[in-house]
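In case you want the letters, here they are:
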Amino acid sequence: MLGLILLYVGAVLFVNGVWLMERISGREVAVINILVGSLSLLVALYTIFVMADVKAGAFTLLFAFTYLWVAANQLMGNDGKGLGWFCLFVSITAATEAARAFSALDGVFGLWNAINWSAWTVLWFSYFLLLGLAGNVQKPVAGFTVLCGVFTGWLPGLLILGGAIKL
């Protein structure tokens, strides 16, 4: 399931980055956020209740809820400040997981996992700056969102789904 969810996380981050570059409308970006938020929600619930991996499911829910909140804000015309503060919570949580992952490195996958959690820590903190504090950082946040979409989601998802990375 990791390849599946990473592929779609890559897609949503890429499209959200393009939206932050003001190349597509907010209402249009809501579609992919609903899809990926819903898919992530289903994966999280399956992970918690079928696989009995509460930790992985809980972390997945953080991101699922982010995407669903982005979609809700776009459809309702909200300013995103509440989402920004939630992103601070996600960022701090991701930082603790990044630190744990670095302290327990186990091979190439462990290193990749630690780097991903670090990238997501910085990305969600940048959303806090952009939305929660209304910082003037939209252009760099847009670019970093696209980069994270490609390198922490899309490419790893493709490699896992294509069998180039065995988990």
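None of the values given here were measured: they were computed from a predicted structure.

> Pulling in residues and values, what's your account of the packing of helix 1 (residues 2-20) against helix 2 (residues 26-49)?
Two elements in contact, helix 1 and helix 2, have axes separated by 10 Å at closest approach and are oriented at 160°. With respect to helix 2, the element helix 1 is oriented roughly antiparallel. Seen along the crossing, helix 1 lies across helix 2 with a hand that is left-handed. Counted together, L4, I5, Y8, V9, A11, V12, V15, N16 and W19 of helix 1 and G26, V29, I32, N33, L35, V36, L39, S40 and V43 of helix 2 form the full contact between these two elements. Looking at the contact of helix 1 with helix 2 residue by residue, the class counts come to 14 nonpolar, four polar and no charged.

> I'd love a proper account of the packing of aromatic side chains, names of residues and values included.
According to the stated counting rule, one finds 14 aromatic pairs in the structure shown. Aromatic side chains F65 and F86 sit 5.3 Å apart centroid to centroid with 80° between the ring planes, which places their arrangement in the edge-to-face category. Of the two residues, F65 is situated in helix 3 (residues 54-76) and F86 in helix 4 (residues 81-103); the sequence distance between them amounts to 21 residues. Through successive ring pairs, a cluster of aromatic residues spans F59, F63, Y67, W117, W120, W124 and Y127.

> Please give an account of the environment of A71 that cites residues and values.
By the secondary structure assignment, A71 is in helix 3. For A71, a relative accessible area of 2% puts it in the buried group. Along the chain, A71 and A30 lie 41 residues apart, while their C-alpha atoms are 4.2 Å from each other. Residues within four places of A71 in sequence aside, it is in contact with A30, N33 and I34.

> Before we move on, could you go through unusual backbone geometry and cite the residues and values that matter?
Even without being glycine, A52 reaches a positive phi, approximately 60°. You can see A52 is positioned in the loop between helix 2 and helix 3. Under the relative-accessibility criterion, A52 is labelled exposed at 62%. A positive phi angle, near 50°, is found at A134, a position not held by glycine. Note on A134: relative accessible area 52%, which makes it exposed.

> Explain the pattern of salt bridges residue by residue, including any values.
Once the charged atoms of two side chains with opposite charge are near each other, the side chains can pair. Enumeration according to the criterion identifies two salt bridges in this entry. Among the salt bridges present, the one from E97 reaches K55, with a minimum N-O distance of 3.5 Å. Residue E97 is found in helix 4, and its partner K55 is found in helix 3; the two are separated by 42 residues along the sequence. For R100, the salt bridge identified is with E97, shortest N-O distance 2.8 Å. Of this pair, R100 and E97 both sit in helix 4, separated by three residues, roughly a single helical turn.

> Can you explain helix 1? Please cite residues and give values.
Given 3.6 residues to a turn, an α-helix orients residues that are three or four positions apart in the same direction. Between its first and last C-alpha atoms helix 1 spans 26 Å; for 19 residues at 1.5 Å apiece the expected length is 27 Å, and the two agree. Considered for burial, the residues of helix 1 that qualify are G3, I5, L6, V9, G10, V12, L13, N16, G17, V18 and L20. Among the structural elements, helix 2, helix 3, helix 5 (107-132) and helix 6 (138-161) are those in contact with the buried residues of helix 1. Of the residues one or two after helix 1, E22 is the one with positive phi, at around 65°.

> Before we move on, could you go through the nonpolar core and cite the residues and values that matter?
One finds L13, F63, Y67, W117, W124 and Y127 to be the most contacted residues of the largest nonpolar core, which totals 34 residues. Residue contributions to this core peak at eight residues, all from helix 5. For F63, the residues in contact, after removing those within four places along its chain, are V90, W117, W120 and W124.

Each value, and the rule that gives it
- Residues numbered from 1 in each chain as written.
- Predicted model: local features only at pLDDT ≥ 70, side-chain atom pairs only at ≥ 80, totals over all residues.
- Heavy atoms only, no water.
- Axes fitted to C-alpha atoms, helices over the stretch in contact; angles between N-to-C directions.
- Helix = DSSP H or I, 4+ residues; strand = E, 2+ residues; numbered from the N terminus.
- Parallel < 35°, antiparallel > 145°, perpendicular 65-115°, else oblique.
- Left-handed = near helix turned anticlockwise from the far one by under 90°.
- Contact = heavy atoms within 4.5 Å.
- Nonpolar A, V, L, I, M, F, W, Y, C, P; charged D, E, K, R; others polar.
- Phe/Tyr/Trp six-rings, centres within 6.5 Å; stacked < 30°, edge-to-face > 60°.
- Buried < 20%, exposed > 50% of the residue type's maximum accessible area, 1.4 Å probe, protein only.
- Salt bridge = Lys/Arg side-chain N within 4 Å of Asp/Glu carboxyl O.
- Expected span 1.5 Å × (residues − 1).
- Core = buried A, V, L, I, M, F, W, Y, C linked by side-chain atoms within 4.5 Å.

So far we have only geometry, and geometry alone does not tell us how the molecule works.
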